[in-house]
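Summary of structural features
Below are the chains, spelled out letter by letter.
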Amino acid sequence: MSAANCLLSEDQFLCCICLDVFTDPVTTPCGHNFCKNCITAHWNSNDQYLCPMCKETFYVRPYLKVNTFISEVVSHSSEQQAAKPGEVPCDVCTGTKLKALKSCLVCLTSYCETHLEPHLTKSGLKRHQLMDPVENLEDRMCMKHDKPLELFCKTDQTCVCLLCSVLDHKTHEFVPLKEEYEGKKAELGKTEAEMQEMIQKRRLKIQEIKHSVDLSEEAADREKAEGVQVFTALKESVERSLNELIETIEEKQRTTEKQAEDFIKELEQEISELKKRSSEVEKLSHSEDHLHLLQNFLSLKAAPPTKDWTEVSVRLPSYEGTVVKAVAQLEETLRKQMKKLFAEAELKKVQQYAVDVTLDPDTANIWLILSDDGKQVNCGDVRKNLPDNPERFSPSLCVLGKQSLSSGRFYFEVQVKRKTDWDLGVVRESINRKGNIPLSPEDGYWTMCLRNRNEYSACNNNLVRLSLKSRPQKVGVFVDYEEGLVSFYDVDAVALICSFTGCSFTEKLYPYISPGLNHDGINSAPLIICPVNQTV
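Just so it is clear, the model here is predicted, and its values are computed rather than measured. (Residues numbered from 1 in each chain as written. Predicted model: local features only at pLDDT ≥ 70, side-chain atom pairs only at ≥ 80, totals over all residues. Heavy atoms only, no water.)

1. With respect to the overall build of the protein chain
Looking only at helices and strands, the protein chain features nine helices and 24 strands. The C-alpha radius of gyration computed for the protein chain amounts to 55 Å, which surpasses the reference 24 Å derived for 536 residues by more than 25%, pointing to a less compact arrangement than a globule. Dimensions of the protein chain, computed from C-alpha atoms along their principal axes, come out at roughly 175 × 105 × 50 Å. Residue burial in the protein chain is summarised as follows: out of 536 residues, 34% are buried. Summed over its atoms, the accessible surface of the protein chain is roughly 34,100 Å², and 53% of this surface lies on carbon and sulfur atoms. Averaging the locations of the 66 positively and 81 negatively charged side chains of the protein chain gives two centres separated by 3 Å. (Helix = DSSP H or I, 4+ residues; strand = E, 2+ residues; numbered from the N terminus. Rg over C-alpha atoms; globule rule 2.2 N^0.38 Å. Buried < 20%, exposed > 50% of the residue type's maximum accessible area, 1.4 Å probe, protein only. Areas by Shrake-Rupley, 256 points an atom, 1.4 Å probe, with all protein chains shown as cover. Lys, Arg positive; Asp, Glu negative; His and termini not counted. Charge placed at Lys NZ, Arg CZ, Asp CG, Glu CD.)

As structure tokens, this is what we get:
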């Protein structure tokens with residue numbers, strides 16, 4: 001738009017009928033402009049065709065021509081956006097305030113696209129300093145000298161004008177606002193980066209907390225499931241014991257009833273015989289036949305043979321103590337069952353920390369034979385020609401797992417069936433691997449062993465004999481690094497064998513396995529690291 005157009009008043013673009021910006025502007029023969037719909041509706045509602053502005057009368061309804069100039073101006077103005085809340089409005093616009101595109105630091109005025117044009121075309125205004133639109137331009141003026149704030153006083157950390165720099169701050173250090181702006185902008189960029197980093201850390205912390213909640217929920221669900229399983233089993237035991245108690249009492253009652261029925265049956269039989277004899281006696285007593293009475297007198301005089309019922313009685317069963325005995329048996333049953341259920345739950349819990357252990361051939365004694373997959377080991381009859389590296393055990397028949405633990409928990413299982421000798425456990429990384437090895441926690445060994453087929457022991461300086469109800473076929477080894485705990489389990493019997501507690505772990509721990517001497521084939525079966533079956 002030209003500068004001349006900018007000089008037109010905004011009122012010139014308003015329809016005098018609707019008092020709004022022209023829509024489809026048309027011109028009457030007298031030269032006045034209206035919205036097409038407005039002037040058409042005006043004439044339709046009146047008997048005469050008068051111009052609403054000058055009152056000129058037209059005897060024939062005039063033909064209305066489109067005012068292309070006003071249409072273009074209005075169309076261009078409508079393309080500019082009205083200032084929204086939070087945006088800087090044009091200080092020159094009257095009526096609808098359009099969005100300002102620039103603010104002038106000399107004029108202290110903000111301009112929309114239309115009103116900004118003189119600053120872009122007139123030589124005198126071109127020298128004015130324009131910037132992105134801001135509100136309260138008077139705040140950018142020095143309150144004391146009424147000059148633009150163009151410098152930054154680094155001494156007082158404030159914005160000043162040129163007069164301030166030579167009068168009130170003459171001994172201070174100054175830099176142009178732009179230079180200080182760049183520095184502060186860089187600092188803000190750094191601050192923004194730091195805040196973004198802080199935001200990211202907090203988002204990660206939120207994820208961590210949510211993950212903790214999820215883990216807690218999973219643990220809660222597992223505990224509830226285990227609780228339901230345990231209490232269901234206990235409930236079934238109680239119900240079973242109650243049924244057995246009721247059956248015992250009812251069986252005693254049935255025995256009593258059977259005895260009484262037998263007595264009654266026998267008594268009724270005797271009564272029947274006595275009634276029959278009584279009838280015969282009565283009949284004979286009324287006989288008029290002298291000979292007949294005398295001939296049958298002896299046979300009917302005596303009563304028929306009967307049982308002496310004087311000392312006979314029904315033996316009442318004794319119910320005293322039946323409930324107490326049943327409760328005592330139930331208590332013992334529940335104790336054993338709870339012990340078993342808790343052992344199962346405990347084993348399930350530690351099995352969650354199962355790791356896939358493989359044996360490290362670099363640590364294996366030269367007499368040991370390892371499977372290709374690193375899961376089995378037994379003692380051979382042939383000495384291997386291997387380098388005596390520092391990691392290798394010599395002469396002890398031992399091997400370590402490749403996997404280590406320096407925090408948290410881990411668990412693994414080893415099949416030990418058909419063995420007469422073996423050692424299992426964990427050791428710290430710095431153990432002595434050469435010469436005679438004392439299997440004790442003080443020397444970095446937390447192990448248990450089998451000797452002479454049936455002698456199970458915990459290795460703690462001297463062997464501490466263990467009394468086991470059955471020979472383990474598979475042994476589980478569990479370590480809780482932070483708790484200082486090493487435990488051994490009989491997997492098939494679902495029973496804890498023994499534990500080392502209060503241990504102090506300060507370095508990496510490794511699985512430790514020794515299959516023992518071959519003993520002419522008696523102990524030739526391998527120790528096998530098994531996959532953990534968590535469906536116990």
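Continuing now.
2. A look at the nonpolar core
By size, the foremost hydrophobic cluster in this structure holds 38 residues, and its most contacted members are W422, F488 and I513. The residues touching W422, leaving out its near neighbours within four places in the chain, are V416, M448, C449, L450, R451, Y456, V475, S514, P515 and L527. F22, C35, L64 and I70 belong to the second-largest nonpolar core, a separate cluster that totals 14 residues. (Core = buried A, V, L, I, M, F, W, Y, C linked by side-chain atoms within 4.5 Å. Contact = heavy atoms within 4.5 Å.)

3. Points about the sheet that holds strand β7 (residues 109–111)
An order of β7-β6-β8 is seen for the three strands of this open sheet, with the pairing classed as antiparallel. Two strands lie at the open edges of the sheet, namely β7 and β8 (130–131), each paired on one side alone. Sheet analysis places strand β6 (residues 102–104) next to β8, joined by two bridges and oriented antiparallel. For C104, the partnering residue across the bridge sits in β8 and is L130. (Pairing = 2+ DSSP bridges.)

4. Quick look at empty space enclosed by the protein
Applying the stated criterion across every chain yields a total of one cavity of 30 Å³ or more. Empty space within the largest cavity amounts to approximately 50 Å³. At four residues, helix α9 (residues 322–351) tops the list of elements feeding residues into the lining of the largest cavity. Residues of the lining of the largest cavity, tallied by class, amount to three nonpolar, one polar and three charged. (1 Å grid on protein atoms, 1.4 Å probe; cavity = no way out; pocket = protein on both sides within 12 Å on 5 of 7 lines; lining within 4 Å. Points joined across faces, edges and corners; volume = space filled by probe spheres on them. Nonpolar A, V, L, I, M, F, W, Y, C, P; charged D, E, K, R; others polar.)

5. A word on the packing of aromatic side chains
Summed over all chains, the structure comprises 11 aromatic pairs. With a centroid separation of 6.0 Å and 85 degrees between ring planes, the pair formed by F263 and W309 is classed as edge-to-face. Here F263, found in helix α7 (residues 177–285), pairs with W309, found in the loop between α8 (290–301) and α9; they are 46 residues apart in sequence, far enough to count as distant. Grouping residues by exposure puts F263 and W309 together as buried. (Phe/Tyr/Trp six-rings, centres within 6.5 Å; stacked < 30°, edge-to-face > 60°.)

6. Examining the pairing of strand β17 (residues 445–451)
In terms of residue burial, β17 counts as a mostly covered element, since six of its seven residues are buried. Bridge analysis of β17 against strand β18 (residues 455–460) gives five bridges, and the strand direction is antiparallel. Along β18, the bridge assignment pairs R451 with E455.

7. Looking at unusual backbone geometry
Note that the residue after S394, namely P395, is joined by a cis bond; omega there is 5 degrees. The topology assignment puts P395 in the loop between β13 (376–379) and β14 (399–400). One non-glycine residue, Q157, lies in the positive phi region at around 55 degrees. Relative to the elements of secondary structure, Q157 occurs in the loop between β9 (151–153) and β10 (158–160). Residue Q157 is classed as partly exposed on the basis of its relative accessible area, which comes to 46%.

8. So, the packing of α7 against α9
Contact pair α7 / α9: the axes reach a minimum separation of 10 Å and the direction vectors enclose 160 degrees. With respect to each other, α7 and α9 are oriented roughly antiparallel. The interaxial crossing formed by α7 with α9 has right-handed handedness. (Axes fitted to C-alpha atoms, helices over the stretch in contact; angles between N-to-C directions. Parallel < 35°, antiparallel > 145°, perpendicular 65-115°, else oblique. Left-handed = near helix turned anticlockwise from the far one by under 90°.)

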